[in-house]
Each structure stands twice: as structure tokens, then as C-alpha cells.
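# Coordinate inspection notes
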Amino acid sequence: RVHYESELNPEQLRIVMHPGGPMLALAGAGTGKTRTLVYRVSRLIEDGIPPSRILLLTFTNKAAREMLNRVEQLVERGSGRVTGGTFHSAGHRILRRYAELLGYTRRFSILDREDATDLMGQALADLSPDLPKRRTPKPRLMVDLYSLIINTGRDLELVLQDRAPQYTDQAEVMAEIFRRYLERKRDADAMDFDDLLLNWLLLLTRHPGARRELTDRFAHILVDEYQDTNRLQAEIIDLLAKKHRNVMVVGDDAQSIFAWRGAEFTNIYEFAERYPDAEGYKLEKNYRSTPEILGLANTSIAGNKQQFPKTLEAVRPSTGFLPALI
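Heads up: these notes are all about the structure in this document.

Thresholds applied
- Note that residues are indexed from 1 along each chain, following the sequence as it is written.
- Local features are withheld for residues below a pLDDT of 70 in this predicted model, meaning they are given only at 70 or higher, and side-chain atom pairs are given and counted only at 80 or more; totals for whole chains, interfaces and linings count all residues.
- With hydrogens and water stripped out, all remaining heavy atoms of the structure feed into the side-chain values.
- Buried Ala, Val, Leu, Ile, Met, Phe, Trp, Tyr and Cys residues that are joined via side-chain atoms within 4.5 Å together make up what is termed a nonpolar core.
- Note on exposure labels: buried denotes an accessible area under 20% of the residue type's maximum, exposed denotes more than 50%, and partly exposed covers the range between, all computed with a 1.4 Å probe on protein chains only.
- Pairs of residues are marked as contacts when any of their non-hydrogen atoms sit within 4.5 Å.
- For helices the rule is a DSSP run of H or I covering at least 4 residues; for strands it is a run of E covering at least 2, with both sets numbered from the N terminus onward.
- A helix is expected to reach a length of 1.5 Å times the quantity of its residues less one.
- Note that the arc is computed from the directions linking the helix axis to the C-beta atoms.
- Any Lys or Arg side-chain nitrogen located within 4 Å of an Asp or Glu carboxyl oxygen qualifies as a salt bridge.
- A cavity here means a set of 1 Å grid points, computed over protein atoms only, where a 1.4 Å probe fits but cannot escape. A pocket is an open set with protein on both sides within 12 Å along at least 5 of 7 lines, and lining residues have an atom within 4 Å of a point.
- Grid points are joined across faces, edges and corners, and a volume is the space filled by probe spheres set on the points.
- Paired strands, as defined in this entry, are two strands with at least two bridges between them according to DSSP.
- The convention used is that axes are lines fitted to C-alpha atoms, helices contributing only their stretch in contact, and that angles between N-to-C directions extend from 0 to 180 degrees.
- Put simply, two rings from Phe, Tyr or Trp (the six-membered ring, in Trp's case) pair if the centres are within 6.5 Å, and we call them stacked under 30 degrees between planes, edge-to-face over 60, tilted for the rest.
- We count a charge as sitting over a ring when the NZ of a lysine or the CZ of an arginine lies within 6 Å of the ring centre and within 35 degrees of the ring normal.

### Structural notes on the nonpolar core
- Among the nonpolar cores identified, the biggest contains 66 residues, and Trp200, Leu214, Ile221 and Leu240 are the most heavily contacted of them.
- Each residue touching leucine 240, except ones within four places of it in the same chain, is listed here: Leu55, Trp200, Leu204, Leu214, Thr215, Phe218 and Ile221.

Next up, the structure:
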């Protein structure tokens with residue numbers, strides 16, 4: 001068995017040994033978050049949880065592969081059967097199995113950014129003869145706006161006011177273009193990246209049989225970089241965790257940087273509201289930076305109006321050099 005007590009610091013060990021139920025782990029920068037997730041998965045497998053019943057969602061597929069490779073080095077018990085990857089890659093694998101419930105074939109294709117832009121351009125061309133003689137958004141901007149609507153759940157008018165106010169008077173025309181875009185995707189048996197999340201959510205909300213199978217299957221769910229999840233992703237996790245409630249989310253509100261593409265950093269603040277019995281943990285021992293750099297970072301973050309208070313403590317010794325403003 002893995003010697004957790006000697007290989008983890010006390011903060012990491014408490015998280016890894018958490019008995020079960022909802023958990024929020026606030027991981028400051030450079031505090032060994034990846035190591036903690038790896039050892040948590042290892043401990044679950046050692047305790048008899050079948051790897052196929054563990055879902056590990058990370059920010060990149062590369063991060064998931066790295067974590068699962070490290071798990072395999074620790075326990076060597078079929079860690080390859082863990083469902084690991086980004087929300088989009090995990091959704092893709094699940095949707096292949098249940099595609100026909102949603103009106104697709106199991107051979108549906110996935111549109112990359114260029115494909116989606118081309119299809120949006122075709123939807124725009126469908127309406128071109130009937131459009132008033134005025135400037136309309138380019139297909140690439142239309143794809144961006146459509147993605148924001150899907151990922152945030154906001155109305156088209158609100159998204160336009162925030163991101164493209166020069167087109168607010170064309171909301172009705174754009175809504176029709178989006179409808180044509182949806183029709184073209186359906187006709188082509190294709191999903192774009194946003195559909196991988198939206199259809200996963202629709203599968204869970206509209207198809208009770210599939211929802212029961214998936215909530216039964218995933219006994220433990222671990223989510224990395226939770227502060228950068230969007231509305232759809234948070235809802236998917238809540239639905240999947242409804243039966244077993246063994247959901248561990250790891251993140252840091254001070255490191256949220258993806259609001260511009262629909263991430264809701266408030267998800268991390270609202271986790272305790274949605275899971276009142278959630279245990280809270282903090283990782284504050286920083287292995288990356290010197291005390292001088294951490295002192296500057298702690299002072300900078302102290303002014304945030306909304307935050308989970310944390311004080312990062314440097315493990316590395318002082319170098320005697322102060323940060324410089326250049």
C-alpha cells in the first residue's frame with residue numbers, strides 16, 4: 001500500500017483521507033493540488049472503489065493523462081479504466097453511448113472551431129437575401145456569441161449588450177441565424193464543442209433511465225479547477241453527484257481567469273450553499289515561490305472584496321531578493 005503519511009503534508013493528507021461526501025478543497029497556487037488529486041484517486045482504488053466508478057474532470061486532457069499515469073505508478077490496479085479528461089472529452093464518450101436518445105447516431109461528427117464558423121456562415125447565407133441592407137456580425141463573432149449564450153444561459157440581448165453592443169438592434173435576425181445553425185447541425189448529424197456539454201446536461205435532465213445509469217456508475221467525482229467551471233458544468237456535476245454525493249471539487253477563487261469565455265467563479269462560492277454538509281479544506285503550503293513573492297501575492301489578494309481567505313506559506317527559504325516593479 002502507498003505510505004500516505006510519509007508522502008503527503010498534513011494538509012494534503014486530510015483531503016486524501018476524507019471519508020466521503022461532498023468536499024471543497026481550496027488549493028492556493030503551488031500547493032501540490034495535482035499531487036493531492038493523484039493520491040486521492042489512488043486511495044479510493046486501494047479502498048476498493050472500482051476505477052470505472054471514478055470520474056476525474058480536469059482542465060486539459062494532458063493533465064488528466066498525467067494524473068492517471070501517476071496513479072498507475074502508485075497502485076497498478078486498472079487506473080486506465082478511470083473516466084478522466086476535460087468536461088468536453090468525458091461528455092463526448094458518454095454521448096457516444098446515448099446519442100440515439102438525443103436524436104443523433106452514434107457516428108455523429110464533432111465540429112471544430114473552423115467547421116462551426118463555416119456552418120454559421122452557411123446559416124447566415126440562408127437568410128442573406130431577406131436581410132435588411134445593413135452590416136451583420138461575421139460568422140466567427142456569431143460563433144463566439146452563440147457559445148456564450150449556451151455556456152452562461154444568458155439571453156441573446158444581454159450577451160449582445162455586454163459583448164457586441166453595436167449589434168443590439170439585430171437580435172431578432174441573429175436569433176433566426178442561430179436557429180438555422182441548429183438545423184444545419186442536426187441535418188449533418190454533428191455537434192459542436194458546446195453541444196458536448198449542453199447535450200450531456202439534456203441527457204441527464206430529460207432521460208431518467210440514462211440519468212440513473214450514470215449516477216449509479218460514478219460513485220466518486222473529482223473536479224479540478226472548479227473556479228473556472230461554467231453554469232452547464234456545475235449543473236452536470238450536481239446531477240451526476242445526486243445519488244452518492246461523493247463529489248470533491250478543487251480550486252482557488254483567487255486564480256479564476258476564464259470569465260471572458262463563460263466561466264462562473266461564483267460556482268466555488270455557492271458550492272457550500274448547494275452542499276450544506278460539505279467539508280472544507282485548504283492547501284496553503286506553497287512549494288513554488290519564495291517568501292518575498294508570496295508576501296506580495298498575499299498582500300495583493302487581501303483587497304479582494306469576495307474571497308475565501310488564505311495565507312500562502314513558503315516552504316522554500318528566503319533568497320533575500322524582493323520582487324521588483326519594472
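### Brief notes about helix H9 (residues 171–187)
- In a regular helix each residue adds 1.5 Å, so 17 residues correspond to 24 Å; H9 covers 24 Å between its end C-alpha atoms and thus fits that length.
- Those residues of H9 that sit buried are Ala171, Val173, Met174, Ile177, Phe178, Tyr181 and Lys185. Mapping the buried residues of H9 onto a view down its axis gives an arc of 150 degrees, with all of them on the same face. Exposed side of H9, more than 90 degrees from the buried face: Glu172 and Asp187 are the residues found there.
- Packing partners of the buried residues in H9 comprise strand E4 (109–111), helix H6 (113–127), helix H7 (139–152), helix H8 (156–163), strand E5 (190–192) and helix H10 (193–206).
- Taken from the residues just after H9, aspartate 189 is the one with a positive phi, measuring 55 degrees.

### Thoughts on the pattern of salt bridges
- Scanning the entire structure with this criterion turns up 23 salt bridges.
- For aspartate 162, the salt bridge is made with arginine 163, and the minimal N-O distance between the two is 3.2 Å.
- Exposure remark for aspartate 162: the relative accessible area of 44% places this residue in the partly exposed category.
- Arginine 163 gets classed as partly exposed once you look at its relative accessible area, which sits at 37%.
- Among the charged side chains, a salt-bridge network with shared partners connects Arg1, Arg43, Glu46 and Asp47.

### Some thoughts on the layout of surface pockets
- In this structure, the largest pocket spans a volume of roughly 830 Å³.
- His88, Ser147, Asn151, Asp194 and Arg261 are, among the 35 residues lining the largest pocket, the residues nearest its centre.
- Of all elements in the fold, only helix H5 (87–98), H6, H7 and H10 reach the threshold of two or more residues within the lining of the largest pocket.
- Broken down by element, the residue count for the lining of the largest pocket peaks at eight residues, all from H7.

### Here's the deal with the sheet that holds strand E2 (residues 54–57)
- The six strands are arranged E3-E2-E6-E7-E1-E8 in an open sheet whose pairing can be described as parallel. Two strands lie at the open edges of the sheet, namely strand E3 (83–85) and strand E8 (279–283), each paired on one side alone. In this sheet, neighbouring strand axes are inclined to one another by 10 degrees on average, regardless of whether the strands run parallel or antiparallel.
- Contacts from helix H4 (residues 61–75) reach E2 and E3, with the element oriented near 135 degrees to E3.

### Remarks on the packing of aromatic side chains
- Going through the model one piece at a time under the given rule, you end up with ten aromatic pairs.
- Consider the rings of phenylalanine 59 and phenylalanine 258, whose centres lie 5.0 Å apart with planes at 40 degrees: the pair is tilted. With a gap of 199 residues between them, phenylalanine 59 in the loop between E2 and H4 and phenylalanine 258 in the loop between strand E7 (247–251) and helix H13 (266–274) connect regions that are remote in the sequence.
- With a relative accessible area of 17%, phenylalanine 258 lands in the buried category.
- Through pairs of rings, three or more aromatic residues link up here, namely Phe59, Phe258 and Trp260.
- The ring of phenylalanine 108 carries the charged tip of arginine 96 above its face, separated from the ring centre by 3.9 Å.

These values are about where atoms sit, not about what they do.
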